[in-house]
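Notes for the structure review
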Amino acid sequence: MNLGVRWTLHGDGRTPAPGAVVRPDERLTWPRTAGLGAQHVVAMFGASFVAPVLMGLDPNLAIMMSGVATMIFLLATRGRVPSYLGCSLSFVGVAAAIRAGGGDSATVTGAVFVVGAALFLAGLAVQRFGARIIHAAMPPIVTGAVVMLIGFNLAPVTASTYWPQDQWTALLVMLFTGLAVVCLRGFLSRIAIFLGLLFGYLLSWVLDRVFGMINSPTADGKVTDHWRLDLSGVGQADWIGLPSFHGPSFEWSAILVALPVVIALIAENAGHVKAVGEMTGDSLDDKLGTAIAADGAASMLSTAVGGPPNTTYSENIGVMAATRVYSTAAYWAAAGFALLFGLCPKFGAVVAAIPGGVLGGITVILYGMIGLLGAQIWINAKVDLSNPLNLVPAAAGIIIGVGGVSLKITDDFELSGIALGTIVVITGYHVLRAFAPAHMKKREPLLDAGTSTYDSDSGSEPGSEPGSEPGSDGGSGAGSGGAQVKR
């Protein structure tokens, strides 16, 4: 049985010939393969540990389960789809909404577990009936609108939680990160969000030394004197140990908030599989359903033990485009490194100490990029917003999702925000389409074009969402240059 874990040596295993590519079933020497794996870890690192922090989950467990998820994905696709599965930034808004409604970490992971199950079933449906089943239910106008409202729904989190903790640090981190995303080139541009976090970390330490404590709100909203960077937990943490696990808890109200994210995950998986196929020259359409199902299964496993959901990462696809090395052996190495990181509690303590002001500066850019991925989907698919059939449901759904409009069904149950906005977009589009005149029903190219394009010469991704993730790239995540997030 071919599991895709055997590779032939490419050439002499050292340096590929000019213009040559290392195919998924090939590898370089093991030391070079390990080095490439380490590079993939760095590429995914920024969004993969930012996402669990923003979701209130254990970053050690998130990194560990990203390695497990990648292994599951590579085995399921028989080594034909080289890709890394990292923590999805698309769920950050969902987690914030669930916690705002009184939910805890178990409620968050329970809701996301159901999303993983839905994604798994969607993958099986695609395997059985083909990708057109997704395209028919979720054309780009629907997919783009849902991704947009998920991203922009996060704006109040930055404005009310992170930014007020240290507004000047937030402002400087925002400026630095913006410059890094735009001005850096190659691999450095892909880790721009990570570099912004490092800059904010160092800046907070310097400001504490120069100005002392700051009087501002803490994460719980209480105004008090406190250090910007509190490293007390780092010294107390062990070097080696297991991350903290917990089981999921299932509540219908939380599940309904989370379910719309499955649309974003299907869209980004489709885009990533298409992009990898174009880069490797190997049509992977027959693996689309398998890839989606594998992502769903990996997310179910991660959330079942208290970790975050996972998704394919644009940052790592971009690394392949830059290096022209598509070997899945490098991803196995990256997954192994991630497992080792997850067994270091001291690493998790360093991540947990990220100052709120730093997150404020990062999330201003990151959340916006997640939302604008929806616009990127529209642009790539050439969606006609002058067509009322497209404009009306998208406009209504986005305003409902971003504004937090609610619809009270009973005394104990109401729909609001992301859940209600998504329902309005999907049902609104299909109901209006049933009654619309024929000239409004022209079908646009759907997900076949993918959601990202990759420039293998420069290693940058024009038009891809920065982040996470959303520049996804996904996020969901962030952005061109490892700031991408389609998560």
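Described below are features of the structure shown in this document. (Residues numbered from 1 in each chain as written. Predicted model: local features only at pLDDT ≥ 70, side-chain atom pairs only at ≥ 80, totals over all residues. Heavy atoms only, no water.)

Digging into the nonpolar core
The nonpolar side chains of a soluble globular protein tend to be buried, and buried together. For clarity, the threshold we go by: Each nonpolar core is a collection of buried residues, namely Ala, Val, Leu, Ile, Met, Phe, Trp, Tyr and Cys, held together in the definition by side-chain atoms within 4.5 Å. Exposure categories follow from relative accessible area, calculated using a 1.4 Å probe and restricted to protein chains: below 20% of the type maximum is buried, above 50% is exposed, and the middle band is partly exposed. Numbering goes from the N terminus for both helices and strands, where a helix is a DSSP run of H or I of at least four residues and a strand is a run of E of at least two.
Counting residues in hydrophobic clusters, the biggest one holds 97 residues, and the most contacted among them are Phe49 and Tyr367. It is helix 13 (residues 261-280) that provides the largest number of residues to this core, a total of 9 residues.

Digging into the pattern of salt bridges
This is how it is decided: Just to be clear on terms, a salt bridge is a Lys or Arg side-chain nitrogen sitting within 4 Å of an Asp or Glu carboxyl oxygen.
Tallied over the full model, the rule gives 3 salt bridges. Across the pair Asp166 and Arg228 runs a salt bridge whose closest N-O atoms are separated by 3.2 Å. Residue Asp166 is found in the loop between helix 7 (155-162) and helix 8 (167-183), and its partner Arg228 is found in the loop between strand 5 (223-226) and helix 11 (232-236); the two are separated by 62 residues along the sequence. By relative accessible area, which is 7% here, Asp166 ends up buried. Owing to a relative accessible area of 14%, Arg228 belongs among the buried residues under this scheme.

So, unusual backbone geometry
Its identity is not glycine, yet Arg78 carries a phi of approximately 55°, on the positive side. By the secondary structure assignment, Arg78 is in the loop between helix 2 (59-76) and strand 3 (85-87). Taking relative accessible area as the criterion, Arg78 reaches 30% and is therefore assigned partly exposed. Although it is not a glycine, Lys382 adopts a positive phi angle of roughly 55°.

Considerations on the environment of Asp208
By the secondary structure assignment, Asp208 is in helix 10 (residues 192-211). Classification of Asp208 as buried rests on a relative accessible area of 3%. In the structure, Asp208 is positioned 21 residues away from Leu229 in sequence and 7.4 Å away in space, judged by C-alpha atoms.

Observations concerning the packing of helix 4 (residues 105-129) against helix 14 (residues 288-304)
This is how it is decided: Angular values range over 0 to 180 degrees, each being the angle between N-to-C directions of two axes fitted as lines to C-alpha atoms, with helices fitted over their stretch in contact. Orientation is classified from the angle alone, with under 35 degrees giving roughly parallel, over 145 giving roughly antiparallel, 65 to 115 giving roughly perpendicular, and any other angle giving oblique. For a crossing to be left-handed, the near helix must be turned anticlockwise from the far one by less than a right angle; the clockwise case is right-handed. Between two residues, a contact is recorded if the distance between any of their heavy atoms is within 4.5 Å.
Two numbers describe how helix 4 lies on helix 14: the axes approach to 7 Å, and their chain directions differ by 160°. Between helix 4 and helix 14, the interaxial angle falls into the category roughly antiparallel. Relative to helix 14, helix 4 is oriented so that their crossing is left-handed. On the side of helix 4, the interface is formed by Thr109, Val112, Phe113, Gly116, Ala117, Leu119, Phe120, Ala122, Gly123, Leu124, Val126 and Gln127, while helix 14 contributes Leu288, Gly289, Thr290, Ile292, Ala293, Asp295, Gly296, Ala297, Ser299, Met300, Thr303 and Ala304.

Points about the packing of aromatic side chains
Centre-to-centre distance and the angle between the planes together describe a pair of aromatic rings. Where we set the bar: What counts as a ring pair is set by centres within 6.5 Å for rings of Phe, Tyr and Trp (its six-membered ring), and what kind of pair is set by the plane angle: stacked under 30 degrees, edge-to-face over 60, tilted for all other angles. To sit over a ring, a charge needs its Lys NZ or Arg CZ within 6 Å of the ring centre and within 35 degrees of the ring normal.
Summed over the entire model, instances satisfying the criterion amount to 3 aromatic pairs. Seen from their ring centres, Trp7 and Trp30 are 5.9 Å apart, and the 85° between their planes marks the pair as edge-to-face. With Trp7 in the segment before strand 1 (8-9) and Trp30 in helix 1 (residues 30-55), this pair connects stretches of sequence that are 23 residues apart. A relative accessible area of 45% means that Trp30 is categorised as partly exposed. A cation sits over an aromatic face here: Arg209 above Trp227, 5.7 Å from the ring centre. The side chain of Lys346 reaches across the aromatic face of Trp239, ending 5.1 Å from its centre.

Thoughts on a nonpolar patch on the surface
The criterion, for reference: In this scheme, patches are assembled from residues that exceed 30% relative accessible area and form no salt bridge. Like charges are connected within 9 Å, while nonpolar side chains (Val, Leu, Ile, Met, Phe, Trp, Tyr) are connected within 5 Å. Note on areas: Shrake-Rupley with a 1.4 Å probe; residue coverage comes only from the protein chains shown.
On the surface, a nonpolar cluster with roughly 570 Å² of combined accessible area is contributed by Leu242, Phe245, Phe337, Leu340, Phe341 and Leu343. Mapping Phe341 onto the fold places it in helix 16 (residues 328-342). For Phe341, a relative accessible area of 33% translates into the label partly exposed.

What to know about the packing of helix 3 (residues 92-100) against helix 4
Viewed as axis vectors pointing N to C, helix 3 and helix 4 meet at an angle of 135°, and their least axial separation amounts to 9 Å. Of the possible angle classes, the one that applies to helix 3 and helix 4 is oblique. The hand of the helix 3/helix 4 crossing is right-handed. Residue-level inspection shows Ala95, Ile98 and Arg99 of helix 3 in contact with helix 4, the latter providing Ser105, Thr107, Val108 and Ala111.

Here we look at the environment of Ala335
Along the polypeptide, Ala335 turns up in helix 16. Assessed through its relative accessible area of 0%, Ala335 is described here as buried. Separated by 267 residues in the primary sequence, Ala335 and Val68 place their C-alpha atoms 6.8 Å from one another. Once residues lying within four places of it in the same chain are set aside, the contact partners of Ala335 are Gly67, Thr70, Met71 and Tyr84.

Overview of the side chain of Arg27
Here Arg27 is to be found in strand 2 (residues 26-27). When residues no more than four places from it in sequence are discounted, the contact partners of Arg27 are Trp7, Thr8, Leu9, His10, Val22, Thr33, Ser327 and Ala329.

Concerning helix 14
What counts, and what does not: Helices are assigned an expected span. That span is 1.5 Å times one less than the residue count.
The terminal C-alpha atoms of helix 14 lie 24 Å apart, and with 17 residues this matches the ideal 24 Å at 1.5 Å per residue to within 8%. Counted residue by residue, helix 14 has 13 buried out of 17 residues, so it is predominantly covered. Of the residues one or two after helix 14, Gly306 is the one with positive phi, at around 105°.

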